[in-house]
Amino acid sequence: MGLFTKDIKTMNDLFVHQLQDIYYAENQLVKALPKMADKATDQKLKQGFLTHLDETRTHVKRLEQVFEMHGIAPKAVDCPAIDGIIEEAEEVADKTVLDAALINAGQAAEHYEITRYGSLIAWAKQLGRSDCAAVLQKTLDEEKATDMKLTKLAETSVNLRAAS
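Quantities reported herein were computed from a predicted structural model and do not represent experimental measurements.

**What about the packing of helix α1 (residues 11–39) against helix α5 (residues 130–163)?**
The N-to-C vectors of α1 and α5 enclose an angle of 40°; their axes lie 14 Å apart at closest approach. The two elements α1 and α5 cross, and the hand of that crossing is left-handed. Here F15, L19 and E26 of α1 lie close against α5, whose contacting residues are C132, L136, T139 and E143. Residues of the contact of α1 with α5, tallied by class, amount to four nonpolar, one polar and two charged.

Here it is in structure tokens:
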């Protein structure tokens, strides 16, 4: 079921579909982040990926909580966008730019998640589910903080090393 199929007829259908989409994405990131940490040569980047792995596991649990609050079983739908972002993170071979490329892939995933969570929060509120919105907001705040940490790391050290 894609976004533009006949299966999505109501705002609730759209909300549930996007919930399933981000559930898939978060679960894929639980698998990808340890690999990204293993590839990273910068110790702060490596640790950042591992810290975010712990957060991402919490994000999965929060999504399961939102599914339950909304009265549906947790279910994932394939998300080719996050699959592509993760695949790109696996393509860089040159060690001199590897960490910069990993940060880029990490930020691409964060921006995808920020977009999805922002929409889910707005839709939950529209559907009268401020309880769901509050749970999702915690994750959105963490995703934004991770994006800012990656930006700082890139701008203060990793990109400088990659460019030299």
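**A short note on helix α3 (residues 80–89)**
Along α3, the positions that sit buried rather than exposed are I82, I85, I86 and A89. When α3 is viewed along its axis, its buried side chains cluster within an angular range of 95° and face the same direction. Contacts from the buried residues of α3 go to α1 and α4 (95–126).

**A few points about the layout of surface pockets**
One number sums up the size of the largest pocket: a volume of about 300 Å³. In terms of lining, the largest pocket is formed by 19 residues, of which the most central are G48, F49, T146, K149 and L150. Mapped onto the lining of the largest pocket, the elements with two or more residues apiece are α1, α2 (43–69), α4 and α5. By residue number, the principal contributor to the lining of the largest pocket is α2, which donates eight residues. Counted by class, the lining of the largest pocket contains eight nonpolar, six polar and five charged residues.

**Here we look at the packing of α1 against α2**
Contact geometry of α1 with α2 gives a least axis separation of 9 Å together with a crossing angle of 155°. When the interaxial angle is binned, α1 and α2 end up roughly antiparallel. For the crossing formed where α1 meets α2, the hand is left-handed. A breakdown of the residues in the contact of α1 with α2 according to their chemical character gives 17 nonpolar, five polar and five charged.

**Concerning the pattern of salt bridges**
All chains considered together, the criterion is met by five salt bridges. Residue D54 is joined to R57 by a salt bridge in which the shortest nitrogen-to-oxygen separation is 3.4 Å. Of this pair, D54 and R57 both sit in helix α2, three residues apart, roughly one helical turn. One salt bridge connects R129 with D131, and the closest N-O pair in it is separated by 2.8 Å.

**Quick notes on empty space enclosed by the protein**
Under the criterion given, the structure shown has two cavities of 30 Å³ or more. Approximately 40 Å³ is the volume found for the largest cavity. Here the element with the most residues in the lining of the largest cavity is α1; it accounts for four residues. Looking at the lining of the largest cavity residue by residue, the classes come out as three nonpolar, no polar and three charged. In this structure, the second largest cavity spans a volume of roughly 30 Å³. Forming the boundary of the second largest cavity are L29, M36, I85, I86, A89, A105, G106 and A109. Of all the secondary-structure elements, those providing two or more residues to the lining of the second largest cavity are α1, α3 and α4. Split into classes, the residues belonging to the lining of the second largest cavity amount to seven nonpolar, one polar and no charged.

The rules behind each value
Residues numbered from 1 in each chain as written. Predicted model: local features only at pLDDT ≥ 70, side-chain atom pairs only at ≥ 80, totals over all residues. Heavy atoms only, no water. Axes fitted to C-alpha atoms, helices over the stretch in contact; angles between N-to-C directions. Helix = DSSP H or I, 4+ residues; strand = E, 2+ residues; numbered from the N terminus. Left-handed = near helix turned anticlockwise from the far one by under 90°. Contact = heavy atoms within 4.5 Å. Nonpolar A, V, L, I, M, F, W, Y, C, P; charged D, E, K, R; others polar. Buried < 20%, exposed > 50% of the residue type's maximum accessible area, 1.4 Å probe, protein only. Arc of directions from axis to C-beta. 1 Å grid on protein atoms, 1.4 Å probe; cavity = no way out; pocket = protein on both sides within 12 Å on 5 of 7 lines; lining within 4 Å. Points joined across faces, edges and corners; volume = space filled by probe spheres on them. Parallel < 35°, antiparallel > 145°, perpendicular 65-115°, else oblique. Salt bridge = Lys/Arg side-chain N within 4 Å of Asp/Glu carboxyl O.

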